[in-house]
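Chain by chain, the residues run as shown.
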Amino acid sequence: TLTKVETGEELEGDLYVLENADKLKVEIKASKGDTNINVGSKVNQVEDSYEISAGEQRTLSYDKFVWFRLTKPSNTQIKVNGDEIDTLAQDVPRSYRIQLKK
């Protein structure tokens, strides 16, 4: 079960808690256009960065926590262990925090 528990500052991002799962699996698909993704295991600590084009998908697998920032969230579809995060009205860069709660 994925629940939004906090609306964060711009770089920090919204916090979502995932319950009843063994690990995090975040799927980011560029559905309408390109976006750049910054990813890390701590807030605003970029460990990986890449761009995906329309039709491409990346999967982020983390044990307990992941932070990521998208330059154009409205171009993407985000699923966390199958649950979708609404990105339709988000045309500016935005960050997300996903935390696993066991």
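(A) Quick look at the pairing of strand β10 (residues 94-101). In terms of strand pairing, strand β2 (residues 14-19) meets β10 through six bridges, oriented parallel. Considered in β10, the bridge of Glu19 is made with Lys101. Across six bridges, strand β7 (residues 65-70) lies against β10 in antiparallel orientation. The partner of Leu70 across the bridge, within β10, is Arg94.

(B) Geometry of the sheet that holds strand β9 (residues 83-85). Strands sit in the order β6-β3-β8-β9 across an open sheet of four strands; the sheet is antiparallel. The outermost strands of the open sheet, each flanked by one partner alone, are β6 (57-62) and β9. Averaged over neighbouring strand pairs, the angle between their axes works out to 25° when direction is ignored. Pairing between strand β8 (residues 76-80) and β9: three bridges, direction antiparallel. For Val80, the partnering residue across the bridge sits in β9 and is Asp83.

(C) Up close: the nonpolar core. Residues Val26, Phe68 and Ile98 are the most contacted members of the largest nonpolar core, which totals 22 residues. Mapped onto this core, the elements with two or more residues apiece are β2, β3 (24-30), β4 (35-40), β5 (48-52), β7, β8 and β10. No other element matches the four residues that β3 contributes to this core.

(D) Main features of the pattern of salt bridges. For the structure shown, the criterion picks out six salt bridges. For the salt bridge of Lys4 with Asp14, the shortest nitrogen-to-oxygen distance reads 3.3 Å. In this pair, Lys4 is assigned in strand β1 (residues 2-6) and Asp14 in strand β2, connecting sequence segments 10 residues apart. The exposure class of Lys4 is partly exposed, given its relative accessible area of 42%. By relative accessible area, Asp14 is classed as buried at 2%. Taking the shortest distance from any N to any O, the salt bridge between Asp14 and Arg94 comes out at 2.7 Å.

(E) Spotlight on the packing of aromatic side chains. The full count for this structure, using the stated rule, is one aromatic pair. The interplanar angle of 25° and the centroid separation of 5.2 Å between the aromatic rings of Phe68 and Tyr96 together place this pair among those described as stacked. You can see Phe68 sitting in strand β7 and its partner Tyr96 sitting in strand β10, a full 28 residues away along the chain. Residue class for Phe68 comes out buried when judged on its relative accessible area of 0%. Residue class for Tyr96 comes out buried when judged on its relative accessible area of 0%. The ring of Tyr50 has Arg58 lying over it, and the distance from NZ or CZ to the ring centre is 3.8 Å.

About the cut-offs
- The numbering scheme is per chain: residues are counted from 1 as the chain's sequence reads.
- In keeping with the predicted nature of the model, local features appear solely for residues at pLDDT of at least 70, side-chain atom pairs appear and are counted solely at 80 or more, and the whole-chain, interface and lining totals rest on all residues.
- By convention in this description, side-chain values take in all heavy atoms of the structure and omit both hydrogens and water.
- Here a strand pair is declared whenever DSSP counts at least two bridges between the two strands.
- For helices the rule is a DSSP run of H or I covering at least 4 residues; for strands it is a run of E covering at least 2, with both sets numbered from the N terminus onward.
- Angles run from 0 to 180 degrees between N-to-C directions of axes, and those axes are lines fitted to C-alpha atoms, restricted for helices to the stretch in contact.
- Nonpolar cores were defined as sets of buried Ala, Val, Leu, Ile, Met, Phe, Trp, Tyr and Cys residues, with membership established by side-chain atoms within 4.5 Å.
- For each residue, the accessible area found with a 1.4 Å probe, counting protein chains only, is set against the maximum for its type, and the residue is called buried under 20%, exposed over 50%, and partly exposed in between.
- Here a salt bridge means any side-chain nitrogen of Lys or Arg lying within 4 Å of a carboxyl oxygen belonging to Asp or Glu.
- In this analysis, rings of Phe, Tyr and Trp, with Trp reduced to its six-membered ring, are considered paired at centre separations within 6.5 Å, and the interplanar angle assigns stacked below 30 degrees, edge-to-face beyond 60, and tilted for intermediate values.
- The criterion is that NZ of a Lys, or CZ of an Arg, lies within 6 Å of the ring centre and within 35 degrees of the ring normal, and then a charge sits over that ring.

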